[in-house]
Amino acid sequence: MATSTSTSRTSDFFREVVAECPVDPRLEACLQCGTCGGSCPSGPDMDHTPRTLFAMIAAGMRDAVLRSNTPWYCVSCYYCMERCPQEIRITDVMYTLKRMAIKAGYSAQTTAPKGPGFAQTFVDHVENYGRSFELGLITRYYLNHRPLDALKMAPLGMGLLKRRRLDLSPRPIRQIEQLKAILDKAREIDAAHAV
Ligand code: SF4
Ligand code: SF4
């Protein structure tokens, strides 16, 4: 069962990340065991493993964390969360860091040149279906960046499908038209504020 560790790892940046995360990420409970990085299909492309990134957050390394390519290469497969002994919301932290990097103007400086474009695919899925479509994201990632490794990932994909962590096709939310209308309105407001 997951437990919390007592910790003094509470830099300002650590608290900022926790506050920005829409759910309690449980970051203070990280044991630095490395299971997440060892499970991550994008690990070879990341400049820091998720474990290292969490240590850097704890150490208050704001600049280095927000410049890191790690969140941009996260394909939201949730495999790390399945395996984390401390039930840390790793994928949610990755989303949070991407949002913080964009907000702080770091996304253009990331060492993942295709990362923001990759994230745009995620945004496109949300706009078209109202939710993420992880299988589409992962497929796009491997076809674009590591086509030769695609077959090696098949067992992982099958396991995630079996656990119902992946859908075979996008499932639009109900009343997607309402979401699209909201997004259109938001763009309109944004454009009005930009002039
Ligand atoms: S698997 Fe969980 S506890 Fe282990 S390093 Fe990753 S986030 Fe921390
Ligand atoms: S959710 Fe992201 S960080 Fe976790 S294993 Fe998948 S790609 Fe790696």
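Everything numeric in this text was worked out from a predicted model, so none of it was measured. (Residues numbered from 1 in each chain as written. Chains lettered and ligands numbered in written order. Predicted model: local features only at pLDDT ≥ 70, side-chain atom pairs only at ≥ 80, totals over all residues. Heavy atoms only, no water.)

1. Points about helix α3 (residues 50-58)
Here α3 has its buried residues at Pro50, Leu53, Phe54, Met56, Ile57 and Ala58. Here the buried face of α3 lies against α1 (12-20), α2 (35-39), α4 (62-67), α5 (70-73) and α7 (90-103). Just downstream of α3, Gly60 is the residue with a positive phi angle, here 80 degrees. (Buried < 20%, exposed > 50% of the residue type's maximum accessible area, 1.4 Å probe, protein only. Helix = DSSP H or I, 4+ residues; strand = E, 2+ residues; numbered from the N terminus. Contact = heavy atoms within 4.5 Å.)

2. Digging into the pattern of salt bridges
Applying the stated criterion across every chain yields a total of eight salt bridges. Among the salt bridges present, the one from Glu16 reaches Arg62, with a minimum N-O distance of 2.9 Å. Here Glu16, found in helix α1, pairs with Arg62, found in helix α4; they are 46 residues apart in sequence, far enough to count as distant. Judged by relative accessible area, Glu16 falls into the partly exposed class, the value being 27%. Here Arg62 falls in the partly exposed class, since its relative accessible area comes to 31%. As a salt-bridge pair, Asp63 and Arg67 come within 3.0 Å of each other at their nearest N and O atoms. With Asp63 and Arg67 both in helix α4 and four residues apart, this pair spans about one turn of that helix. For Arg67, a relative accessible area of 32% corresponds to the partly exposed category. (Salt bridge = Lys/Arg side-chain N within 4 Å of Asp/Glu carboxyl O.)

3. Details of the site of ligand 2
Lining the immediate environment of ligand 2, one finds Cys40, Pro41, Cys74, Val75, Ser76, Cys77, Tyr78, Cys80 and Thr91. Residue composition of the shell around ligand 2, by class: seven nonpolar, two polar and no charged. (Near = heavy atom within 4 Å. Nonpolar A, V, L, I, M, F, W, Y, C, P; charged D, E, K, R; others polar.)

4. Description of the site of ligand 1
In the neighbourhood of ligand 1, 14 residues make up the surrounding shell, with Cys30, Cys33, Gly34, Cys36 and Cys84 lying closest. Listing elements by their share of the shell around ligand 1, those giving two or more residues are α2 and α3.

5. Some remarks on the nonpolar core
Counting residues in each nonpolar core, the largest one holds 28 residues, and the members touching the most others are Phe13, Val17, Leu27, Phe54, Ile57, Ile90 and Leu97. Broken down by element, this core gets its largest block of residues, six residues, from α7. Those residues in contact with Leu27 that lie beyond four places of it in its chain are Phe14, Val17, Phe54, Ile57, Ile88 and Val93. Val75, Leu156, Leu160 and Leu166 belong to the second-largest nonpolar core, a separate cluster that totals seven residues. (Core = buried A, V, L, I, M, F, W, Y, C linked by side-chain atoms within 4.5 Å.)

6. Some remarks on the packing of α1 against α7
Between α1 and α7, the shortest axis-to-axis distance is 9 Å and the interhelical angle comes to 105 degrees. When the axes of α1 and α7 are compared, the pair comes out roughly perpendicular. Residue-level inspection shows Phe13, Glu16, Val17 and Glu20 of α1 in contact with α7, the latter providing Val93, Thr96, Leu97, Arg99, Met100 and Lys103. Of the residues assigned to the contact of α1 with α7, the class counts are five nonpolar, one polar and four charged. (Axes fitted to C-alpha atoms, helices over the stretch in contact; angles between N-to-C directions. Parallel < 35°, antiparallel > 145°, perpendicular 65-115°, else oblique.)

7. Some points on α1
Within α1, burial applies to Phe13, Phe14 and Val17. Projection of α1 onto a plane perpendicular to its axis shows the buried side chains occupying an angular sector of 105 degrees, all on one side. What points out from α1, more than 90 degrees from its buried face, is the exposed set Asp12 and Ala19. In the core, the buried residues of α1 are packed alongside α3, α4 and α7. (Arc of directions from axis to C-beta.)

8. Observations concerning unusual backbone geometry
The residue Glu87 is not glycine, and still its phi comes out positive at about 55 degrees. When you line up the elements, Glu87 lands in the loop between α6 (79-83) and α7. Unusually for a residue other than glycine, Gln175 sits at a positive phi of about 55 degrees. With a relative accessible area of 57%, Gln175 lands in the exposed category.

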